[in-house]
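Fold and contact review
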Amino acid sequence: MEKTGTYGKPEYFENRELSWLKFERRVLNEARDKTIPLLERMKFISITSSNLDEFFMVRVASLKDMLHAGVKTVDLAGMDAAKQLELISMDTRELVNLQYSTYNRSLVPLLNQEHIFIIDAYEKLTEEQAAFVDTYFENEVYPVLTPMAVDSGRPFPLIRNRSLNIAAIIESKGGGLLGHKEAQNAEEEILDGQTEPQTDADGKKNKKNKKKSQMEFATVQVPSGLPRLVPVPSADPKEKVFILLEQVIEKNIEKLFSNYQVVCAYPYRIMRNADISIEEDEAPDLLKEIQKQLKKRQWGEVIRLEVEDGMDKKLLSILREELHVENKQDIFYINGPIDFTFLMKMYGIEGFDHLRYEPHMPQLVPEIMPGENIFEAIQNGDILLHHPYQSFEPVMELIRQAAADPQVLAIKMTLYRVSGHSPIIASLAQAAENGKQVTVLVELKARFDEENNIVWAKKLEQAGCHVIYGIVGLKTHSKIALIVRREEAGIRRYVHLGTGNYNDSTAKLYTDCGVLTCAEAVGEDATAVFNMLSGYSEPRSWNSLAVAPLWLRKKFLKLIRRETRNARDGQPAYIRAKMNSLCDKEVIEALYEASAAGVDIQLLVRGICCLKTGIKEVSENIHVRSIVGNYLEHSRIFDFCNGGHTEVYMGSADWMPRNLDRRVEIVFPVLDEKLQKKVLHILDVEFEDNVKAHVLQPDGSYEKIDKRGKVLIHSQEIFCKEADQAVPKPEQAYQERVFVPAEAEE
């Protein structure tokens, strides 16, 4: 094995977290792009907020855990946890400031020009609108609210993770429970000799406490079950007017505290540590252990406090003390609505189609027509699926037909993330009821999908399926389905291998590839995979699949180093690879060595990239692009020159330590010549994209390509058109409306 230690210097690597924040900026840049329709731009503001939430709950939380534990280890770039947190705070503040300036200075005025108004102050409502909102509060909001006062008898309540709340300082008007308590305290002080009864101007005695009045803290949660955007009627039928729910509550907050005066009230929101830690070896029941850990998410350490800019200092001081927010860098002062995720609801607003892209309908796969026997179609040759340009329906149809086909003996699948009303789950349950042997690996540890997956696992078990929860210490992230069918010639195995999850919802949002095949060698490997997942069987060798964590790292390093040797020997050598993230040190060092040897390396990395370009004699032959568009780029494709005998692979794994060492992943070769050409075409178009591509610069920044004088190449639009043209009758396309992607996936 060739040595790559000379390429491991810290200055050759970008910090993972800072690289992710650069990705967030690329997403935010879509909201700043004036060529994009307005509601599409609003969508990207929302996406940056949801992404940032998850980043803090998991990545920042993990760094804080390291800091508390006194861990002194450093990352690839030579930074310890404290240094990373310091830089993350700086970069995040810049990002959030840019996000809110984009919203306030650019998007809101443009919305107003389109007669769409989000009222940010109650005073801006007309008399009629204010009356409507007050009635709405009385009828719809007031019955749901639970005001929580804090005193010696009522401790500070649990503030739920990511919930929006309103904090208030209230002062007694002299009546009610609080007034009674003050009078009682004053009486006790007189009896104790602390205070003498005072005489007023009329000669009447009154009991006067040392304090003129007693201030109290109170908080109320903005109910998540009610719409955050409240539609308000307008005299102009062309107008759409909304007010935020927290504004409605703030204006009417005194109604929650009768006999109190509300001195001040401000919204706030907290983010808690949601990184679940499970000792699987010691857990007698993994399902129960995960259920127990999920409850702890609501009690995790507060790692971010968002408050409205200008919040009263005393109120902020109370929040900091009660929520244990000691570090000022954990406080974010927000100049606008806290938590922009509500903007996603605006995307579907009726009557404003001109402010959105025309939706693309996922098209039929030419090799599989509706009503056709899918097994016969696969027998005619391997089939490539390209989502969301082509429909996900063939994958669901494969499981649906398998469930009903009397010739099918067994169905085996891995499920990482599935939709809320998954037709695949329904088909698997039906298959079990029809007497098929159904084995499903449901990955309970899929972050933020744990509860959903627990529900599905129980339903599948109740239907008679054999459910596996995964391998101890590993996540099963592979995307594979196996159908065992008895035919005239004997047993035949049908396999689906993919780069994306078996989720019919995200299949309309994420770009992914899949292959349907009944090749015998692939079928044998698929059987070996499921035997390994359900038992302790590990094959000595594989026909075509490369599986992590035992074999995949070696496979990739071998392929990269083969290109390095070929370049040194004067043979043609190149590497083209597309993935979500690149942060594995050993792989990056191998790429640096290949670059130094003269290998041309072209990378498409959507999110995190810890590799640096343009380092003299190290990475001068490496070029990195990132595409951020209407769909989330999710497919993993790898293309190696192999001395002119191209080898193409696809799969579920990124070049990250977690994918190569701590997950069950599958990467598979694309052997069929026609399919290989199609996959290479996908890479060709994406590497030529000059509309949505950002290019990584030697200084670590990302820049859009200068398009002046060039033919515009928008890869996602091209694939939409190609899918449309491939179908003889476009009206036959599956009528599935494409919505919008949530940029953070797994």
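Bear in mind the structure is a predicted one, so any value in this text is a computation, not a measurement.

**Things to note about the overall build of the protein**
Within the protein, the regular secondary structure consists of 18 helices and 29 strands. Counting the 746 residues in the protein, one finds 58% classified as buried. Carbon and sulfur atoms provide 48% of the accessible area of the protein, an area that totals close to 33000 Å².

**Digging into the pattern of salt bridges**
Side-chain pairing between opposite charges can occur once the charged atoms of the two side chains come close. What the rule picks out here adds up to 35 salt bridges. When the shortest N-O distance is used, the salt bridge between E30 and K704 registers 3.6 Å. Linking E30 in helix α1 (residues 16–32) with K704 in strand β29 (residues 702–704), this pair joins segments that are 674 residues apart in sequence. Judged by its relative accessible area of 1%, E30 is buried. On the basis of relative accessibility, which here comes to 31%, the residue K704 falls in the partly exposed class. In this structure, the salt-bridge partner of R553 is D584, at a minimum N-O distance of 2.6 Å. Within this pair, whereas R553 is found in helix α14 (residues 552–568), its partner D584 is found in the loop between β21 (574–579) and α15 (585–596), the two being separated by 31 residues in sequence. In this structure D584 comes out as buried when scored by relative accessible area, which is 3%. Shared partners join several salt bridges into a network, and the residues in it are D53, R269, R304, E306 and D339.

**Re helix α11 (residues 423–433)**
Taken residue by residue, α11 has I424, I425, S427, L428, A429, A431 and A432 as its buried positions. Residues of α11 that are buried in the fold lie against α10 (393–404), β13 (408–415), β14 (437–442) and α12 (450–462). Positive phi appears at G435, one or two residues downstream of α11, with a value of about 95°.

**Examining helix α3 (residues 81–113)**
For α3, with 33 residues, the first-to-last C-alpha span of 46 Å sits near the 48 Å given by 1.5 Å per residue. Of all the bends found along α3, the most pronounced is centred on L107 and spans about 35°, while P109, a proline, follows it within four residues. Phi turns positive, to about 65°, at H115, one or two residues after α3.

**Some remarks on the packing of helix α2 (residues 38–68) against α3**
Viewed as axis vectors pointing N to C, α2 and α3 meet at an angle of 165°, and their least axial separation amounts to 11 Å. Considering their axes alone, α2 and α3 lie roughly antiparallel with respect to each other. Here α2 runs over α3; the crossing is left-handed. Looking at the contact of α2 with α3, its residues break down into 21 nonpolar, seven polar and two charged.

**Concerning the packing of aromatic side chains**
For any pair of aromatic rings, the description rests on two quantities: the centre-to-centre distance and the angle between the ring planes. Counting across every chain of the model gives 20 aromatic pairs. Aromatic side chains W20 and F23 sit 6.3 Å apart centroid to centroid with 65° between the ring planes, which places their arrangement in the edge-to-face category. Of the two residues, W20 and F23 are both situated in helix α1; the distance of three residues between them amounts to about one turn of the helix. A single burial state applies to W20 and to F23, both of which are buried. Taken together, the aromatic side chains of W20, F23, F55, F56 and F332 make up a single cluster linked through ring pairs. A cation over a ring is seen here: R26 above Y702, with NZ or CZ 3.8 Å from the ring centre. When the ring centre of Y347 is taken as reference, the NZ or CZ atom of R356 above it lies at 5.9 Å.

**Considerations on the nonpolar core**
If you look at the biggest cluster of nonpolar residues, it comprises 131 residues, and the most contacted ones within it are L582, L591, Y592, L603, L611 and W655. With residues up to four places along the chain from it excluded, the contact list for L603 reads A577, L582, L591, L611, I622, H623, V624, R625, W655 and F687. If you look at the next biggest cluster of nonpolar residues, it comprises 45 residues, including Y389, A528, V529 and M650.

**What to know about the side chain of R485**
In this fold, R485 is placed in strand β17 (residues 480–487). Judged by relative accessible area, R485 falls into the buried class, the value being 6%. Side-chain polar atoms of R485 contact the side chain of D405, separated by 2.8 Å. Of note is the side chain of R485, whose polar atom sits 3.1 Å from the side chain of Q407. The contact partners of R485, leaving out residues within four places of it in the chain, are N373, F375, Q379, D405, Q407, V408, L409, G490, I491, R492 and Y494.

**Thoughts on the sheet that holds strand β1 (residues 116–119)**
Pairing is mixed in the open sheet, where three strands are placed in the order β1-β8-β7. Each having just a single partner strand, β1 and β7 (229–232) make up the two edges of the open sheet. Along the sheet, successive strands turn relative to each other by an average axial angle of 30°, direction set aside. As judged from the four bridges shared by β7 and strand β8 (residues 240–244), these two strands associate in the antiparallel manner. Pairing of V230 across the sheet is with I243, part of β8.

About the criteria used
- Residues numbered from 1 in each chain as written.
- Predicted model: local features only at pLDDT ≥ 70, side-chain atom pairs only at ≥ 80, totals over all residues.
- Heavy atoms only, no water.
- Helix = DSSP H or I, 4+ residues; strand = E, 2+ residues; numbered from the N terminus.
- Buried < 20%, exposed > 50% of the residue type's maximum accessible area, 1.4 Å probe, protein only.
- Areas by Shrake-Rupley, 256 points an atom, 1.4 Å probe, with all protein chains shown as cover.
- Salt bridge = Lys/Arg side-chain N within 4 Å of Asp/Glu carboxyl O.
- Contact = heavy atoms within 4.5 Å.
- Expected span 1.5 Å × (residues − 1).
- Bend = angle between axes of the 7 residues up to and from the residue.
- Axes fitted to C-alpha atoms, helices over the stretch in contact; angles between N-to-C directions.
- Parallel < 35°, antiparallel > 145°, perpendicular 65-115°, else oblique.
- Left-handed = near helix turned anticlockwise from the far one by under 90°.
- Nonpolar A, V, L, I, M, F, W, Y, C, P; charged D, E, K, R; others polar.
- Phe/Tyr/Trp six-rings, centres within 6.5 Å; stacked < 30°, edge-to-face > 60°.
- Lys NZ or Arg CZ within 6 Å of the ring centre and 35° of its normal.
- Core = buried A, V, L, I, M, F, W, Y, C linked by side-chain atoms within 4.5 Å.
- Polar contact = N/O pair within 3.5 Å; in protein donor to acceptor, adjacent residues only side chain to side chain.
- Pairing = 2+ DSSP bridges.

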